[in-house]
Amino acid sequence: MNLRTLRSLHQPPPRKQRSRLRSPFPGRTTLAALLGAALFSILSPGKAHAEFTVCNQTLDVVNLAVGQKVDNADQTDGWWTIGANQCVNVIREELTNRYIYLYATDVFGHAILNGSTEMCIDRRRFSIRGIDECWQRGHIAARFVEVDTLEQVRWTYFLTGNSP
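**Student:** Looking at this structure, I do not really get the layout of surface pockets. What am I missing?
**Tutor:** When its volume is computed, the largest pocket comes out at roughly 200 Å³. Forming the boundary of the largest pocket are N63, W79, Y103, T105, D106, V107, F108, G109, I121, D122, R123 and I140. Grouping the constituent residues of the lining of the largest pocket by class yields 6 nonpolar, 3 polar and 3 charged.

Structure, rendered in structure tokens:
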């Protein structure tokens, strides 16, 4: 092997050529593209995302149960765990009920919402049809807060430290 061959074996590969087109605002092109894409996704027509969202504005983690009419029958579902200063979509389809019912506990199981509408819950994840005779059917009776959504298709409920 001659010296020229050895040098060619140990030379680093040639660099890839960069595009000769340069932005007049370096670093801003990516930001502008991201903002444009975000704006397009918000404004573009498509399937509307109607839902019932609960935002936990307390300093504690809460467990949430939701009650509503489903096929002309009362139904309760649970549990959603919502961290402090977080929001969760608990009903993902368009709201068809004016009234939604909420029951929330702290991590120790103590009620932090005290409502007047008695509905059924369970200790573990549940979906319970009917709100009568909770104890007789093996469930727990709890007092849910009634939320009037004013017949809107989307609603956000803010759970604060001084909620009713």
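**Student:** Would you explain the sheet that holds strand β3 (residues 73-82) in this entry?
**Tutor:** Within a sheet, adjacent strands bond to each other through the backbone by hydrogen bonds, running parallel or antiparallel. A sheet is described by the order of its strands in space; here 6 strands give the open sequence β6-β8-β5-β2-β3-β7, paired in antiparallel fashion. Each end of this open sheet is capped by a strand with a single partner; those strands are β6 (117-121) and β7 (126-129). Across the sheet, the mean angle separating the axes of adjacent strands is 35 degrees when strand polarity is ignored. Sheet topology note: the β6/strand β8 (residues 140-148) ladder contains 5 bridges and is antiparallel. Bridge pairing links E118 to R143 in β8.

**Student:** Is there a simple way to think about the environment of D148 in this case?
**Tutor:** Here D148 is to be found in strand β8. Owing to a relative accessible area of 27%, D148 belongs among the partly exposed residues under this scheme. Here D148 is in contact with R98, Y99 and W155, once residues within four sequence places are set aside. A distance of 2.7 Å separates a polar atom in the side chain of D148 from a polar atom in the side chain of R98. Within the structure, D148 has its side chain in polar contact with the backbone nitrogen of L150 (distance 2.9 Å).

**Student:** Help me understand the sheet that holds strand β1 (residues 52-56), please; the structure alone is not making it clear to me.
**Tutor:** Spatially, the 3 strands line up as an open sheet ordered β4-β1-β9, and their pairing is mixed. Sheet topology places β4 (86-91) and β9 (155-159) at the edges, where each strand pairs with a single neighbour. Within this sheet the neighbouring strands show an average axis-to-axis angle of 25 degrees, counted without direction. By the bridge criterion, 5 bridges tie β1 to β9 in an arrangement that is parallel. Paired with V54 across the strands is Y157, a residue of β9.

**Student:** In this structure, what is going on with the state of the cysteines? I would like to understand it.
**Tutor:** Among covalent bonds in proteins, the disulfide is the one between the sulfur atoms of two cysteines. Scanning the model with the defined rule gives 2 disulfides in all. At a sulfur-sulfur separation of 2.0 Å, the disulfide partner of C55 is C87. On the sign convention where negative means left-handed, the S-S torsion of about 110 degrees between C55 and C87 marks this disulfide as right-handed. One end of the pair, C55, is in strand β1; the other, C87, is in strand β4, and 32 residues separate them in sequence.

**Student:** Whenever I open this one, the packing of aromatic side chains confuses me. Can you help?
**Tutor:** The relative placement of two aromatic rings is captured by the distance of their centres and the angle of their planes. Summed over all chains, the structure comprises 3 aromatic pairs. Pairing W79 with Y103 gives two aromatic rings, centres 6.3 Å apart and planes at 50 degrees, and the pair type is tilted. Residue W79 is located in strand β3, and its partner Y103 is located in strand β5 (residues 99-105); the two are separated by 24 residues in the primary sequence. This pair shows no difference in class: W79 is buried, exactly as Y103 is. On the basis of an interplanar angle of 80 degrees and a centroid distance of 5.5 Å, the ring pair of W79 and F126 is categorised as edge-to-face. Taken as a pair, W79 in strand β3 and F126 in strand β7 lie far apart in primary sequence, 47 residues in all. Like F126, W79 is buried. Among the aromatic residues, those joined into a cluster by ring pairs are W79, Y103, F126 and F144.

Criteria and cut-off values
Residues numbered from 1 in each chain as written. Predicted model: local features only at pLDDT ≥ 70, side-chain atom pairs only at ≥ 80, totals over all residues. Heavy atoms only, no water. 1 Å grid on protein atoms, 1.4 Å probe; cavity = no way out; pocket = protein on both sides within 12 Å on 5 of 7 lines; lining within 4 Å. Points joined across faces, edges and corners; volume = space filled by probe spheres on them. Nonpolar A, V, L, I, M, F, W, Y, C, P; charged D, E, K, R; others polar. Pairing = 2+ DSSP bridges. Helix = DSSP H or I, 4+ residues; strand = E, 2+ residues; numbered from the N terminus. Axes fitted to C-alpha atoms, helices over the stretch in contact; angles between N-to-C directions. Buried < 20%, exposed > 50% of the residue type's maximum accessible area, 1.4 Å probe, protein only. Contact = heavy atoms within 4.5 Å. Polar contact = N/O pair within 3.5 Å; in protein donor to acceptor, adjacent residues only side chain to side chain. Disulfide = S-S within 2.5 Å. Phe/Tyr/Trp six-rings, centres within 6.5 Å; stacked < 30°, edge-to-face > 60°.

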